[in-house]
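So you can see what is in the structure, the chains are spelled out below.
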Amino acid sequence: MTDNQILALQPDHIAELQQRYQRALADHGYSALLISAGATPARYGDDQGAPFQGFGPFLHWTGLTGYEHAWLLIQADTTPLLWLYQPVDFWHATLQLPSEPWQQAMDIRYTANRALPPLPAGTGQGEGLAVLGDPALLAGVPGDHNPVALTVALDETRMHKTDYEVACLTRANNIALAGHQAAAAAFADGDSEFKINLAYQQATLQRETEAPYHSIIGLNEHAGTLHYQYYDTTAPAQSRSLLMDAGVRYRGYCSDITRTYAAAGEGRFAALVKGMDLLREHLCNMVAPGVEYLAIHRKAHSGVAVLLSASGLVSGISDEAMVEQGITRVFFPHGIGHFLGIQVHDVAGKPVPSPAEAPFLRLTRTLEAGMVLTIEPGLYFIPSLLEPLLQGPLAQHINIAILGELKGCGGVRLEDNVLVTETGARNLSRLTEN
Ligand code: GLY
Ligand code: MN
Ligand code: MN
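All of these numbers come straight from a predicted model, not from anything done at the bench.

To continue, consider the pattern of salt bridges. One pass over the full model with this rule turns up 16 salt bridges. Asp-107 is paired through a salt bridge with Arg-109; the nearest N and O atoms lie 2.8 Å apart. Taking the relative accessible area as the measure of exposure, Asp-107 reaches 29% and is therefore partly exposed. Residue classification places Arg-109 among the partly exposed positions, given a relative accessible area of 39%. Taken together, the salt bridges that share partners define one network made up of Arg-259, Asp-277, Arg-280, Asp-416 and Arg-430.

One non-glycine residue, Asn-220, adopts positive backbone phi at about 55 degrees. Within the secondary structure layout, Asn-220 lies in the loop between strand S7 (216–219) and strand S8 (241–246). The phi dihedral of Arg-251 is positive, around 50 degrees, even though this residue is not glycine. With respect to the helices and strands, Arg-251 occurs in the loop between strand S9 (249–250) and strand S10 (253–254). Given the relative accessible area of 23%, Arg-251 is considered partly exposed.

Let's shift gears to the packing of aromatic side chains. According to the stated counting rule, one finds 6 aromatic pairs in the structure shown. Measuring from centroid to centroid gives 6.3 Å for Phe-331 and Phe-381, while their planes differ by 80 degrees, and the two rings are edge-to-face. Linking Phe-331 in helix H10 (residues 327–331) with Phe-381 in the loop between strand S13 (378–380) and helix H11 (383–391), this pair joins segments that are 50 residues apart in sequence. Here Lys-161 stacks its cationic end above the ring of Phe-339, 6.0 Å away from the centre of that ring.

Under the 1.5 Å per step criterion, the end-to-end length of helix H6 (residues 193–204) is 16 Å for 12 residues, consistent within 8% with the ideal 16 Å. Along H6, the residues that are buried comprise Glu-193, Ile-196, Asn-197, Ala-199, Tyr-200 and Thr-204. Considered in projection along H6, the buried side chains sweep an arc of 160 degrees and stay on one side of the axis. Where H6 is buried, its residues meet helix H5 (163–188), S7 and S8. Positive backbone phi, approximately 50 degrees, marks Leu-205, located one or two places after H6.

Now for the coordination of the manganese ion (ligand 2). Put simply, the ideal angle at a metal is 109.5 degrees for four donors in tetrahedral geometry and 90 or 180 degrees for six donors in octahedral geometry. Protein-derived ligands of the manganese ion (ligand 2) are Asp-245 (OD), Asp-245 (OD), Asp-256 (OD) and Glu-415 (OE), with the metal-ligand distances lying across 2.0 to 2.3 Å. With 6 donor atoms in place around the manganese ion (ligand 2) and angles of 57 to 171 degrees between them, the coordination shape is irregular. Along the chain, the residues donating to the manganese ion (ligand 2) fall in the pattern D-x10-D-x158-E. In this structure, the manganese ion (ligand 2) is positioned 3.3 Å from the manganese ion (ligand 3), and both are ligated by Asp-256. Linking Asp-245 in strand S8 with Glu-415 in the loop between strand S14 (411–413) and strand S15 (416–420), this pair joins segments that are 170 residues apart in sequence. The pair Asp-245 / Glu-415 is uniform in exposure class, with both members buried.

Before going further, it helps to examine the side chain of Asn-197. Residue placement: Asn-197 occurs in helix H6. When neighbours within four sequence positions are excluded, Asn-197 is seen to be in contact with Glu-208, Ser-215, Ile-217 and Tyr-231.

Around the manganese ion (ligand 3), the donor atoms from the protein are Asp-256 (OD), His-338 (NE2), Glu-376 (OE) and Glu-415 (OE), and they sit 2.0 to 2.2 Å away. One way to put it: the 6 donor atoms around the manganese ion (ligand 3) meet at angles of 50 to 156 degrees, and that makes the site irregular. Donor residues binding the manganese ion (ligand 3) come from one chain and are separated in sequence as D-x81-H-x37-E-x38-E.

Taken in spatial order, the 6 strands of this open sheet run S4-S3-S2-S1-S5-S6, and their pairing is mixed. The sheet is open, and its two edges are formed by strand S4 (107–111) and strand S6 (144–145), each paired on a single side. Two strands pair when backbone bridges link them, and strand S1 (residues 32–36) and strand S5 (residues 129–132) are joined in this way by 4 bridges, in the parallel orientation. By the bridge assignment for S5, Ala-32 is matched with Leu-129. The sheet strands contacting helix H2 (residues 10–27) are S1 and strand S2 (71–75), and the helix crosses S1 at an angle near 115 degrees.

What counts and what doesn't
- Residues numbered from 1 in each chain as written.
- Chains lettered and ligands numbered in written order.
- Predicted model: local features only at pLDDT ≥ 70, side-chain atom pairs only at ≥ 80, totals over all residues.
- Heavy atoms only, no water.
- Salt bridge = Lys/Arg side-chain N within 4 Å of Asp/Glu carboxyl O.
- Buried < 20%, exposed > 50% of the residue type's maximum accessible area, 1.4 Å probe, protein only.
- Helix = DSSP H or I, 4+ residues; strand = E, 2+ residues; numbered from the N terminus.
- Phe/Tyr/Trp six-rings, centres within 6.5 Å; stacked < 30°, edge-to-face > 60°.
- Lys NZ or Arg CZ within 6 Å of the ring centre and 35° of its normal.
- Expected span 1.5 Å × (residues − 1).
- Arc of directions from axis to C-beta.
- Contact = heavy atoms within 4.5 Å.
- Donors = N, O, S within 2.8 Å, 3.2 Å for Na, K, Ca; no water.
- Tetrahedral: all angles 85-135°; square planar, octahedral: opposite > 155°, others 65-115°.
- Pairing = 2+ DSSP bridges.
- Axes fitted to C-alpha atoms, helices over the stretch in contact; angles between N-to-C directions.

As structure tokens, this is what we get:
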């Protein structure tokens, strides 16, 4: 899809949000909603702040990730009012809004005064007004601040993506896939984690501070730290494996993609990556309306058990018993994925808590068309989780020699972003956009 085709979807997106938000406000007894974009506080004792990324509900309407101290006012049957803070400031550049179709559905005004949000007539004392945002920025603002029931309802307006959102998520995937390709080439050249990151940034033209999350770039045993957060500036003597989990934001929408590579000569680890890829594909093919996401998580555990047997890592115990007795959880400790959208771990995924067997699962819903989620099976060699297993009665089933060979490769995770369609699913991380 071209840029202009994506932009052409914006008016329908805004019209749909008008309806969804008006319904939620009416259902909860409010006539107006004020949304704060947020702002970054200065570090304690310093005049510098953390990089800023705007608040989800503000991005839902505007896609503007970089506007601090802005406000959006939504009222029934009224044009939304977007209040952008534009100080007179010779230290910093002033952000300019590129002209786009969504703005025609908004009344956009500029203010040099960050203290005053716009208030609808008649709500001076806060009657009928709900306010969403960081409580630290809401002091003195009338109305109900972050009312829980309304917040839940508004989060649910983000579950079913509009055509515009699907287009943005698709583009965010395609840009990130170019970055992953560049990262794979840097790995093949024996580059350090730091240089692999540079290759990714160069290919995606995205600053780290704009990314939906800090890229996870683990060579060798670093691949076994689920959210590994450092970049070594020197390459290891021998690069055996790379796990790279990185996305981009496009108009506020996130991608979240993981790829794992085995170096030449790592036959056993390469076989594990290949087996995991078949499992990933199988799990992605399970995505369809009416499917319990928890069933996909459970299937991932059965698949990990099959891989543990096939690789020779675990033997003398059935695949079912491996799952029941917790062996698969040692190797695959996280959930199979989460909702994806304006936030990488998008809202509204857990109307009910996850079961005890899956404490880190972030999505417990039955799948419906329009939802976008990740499928991210993994298998890791994590010393702090392996140690109790190796000290206990199940240790007899573990092949120490194979474990010893593989643990220097850290682990494997493969992660795709999948749209639930009316009839099944579309894998956004395997498409070439046209
Ligand atoms: N990149 C974080 C995650 O996969 O959930
Ligand atoms: Mn990820
Ligand atoms: Mn993820």
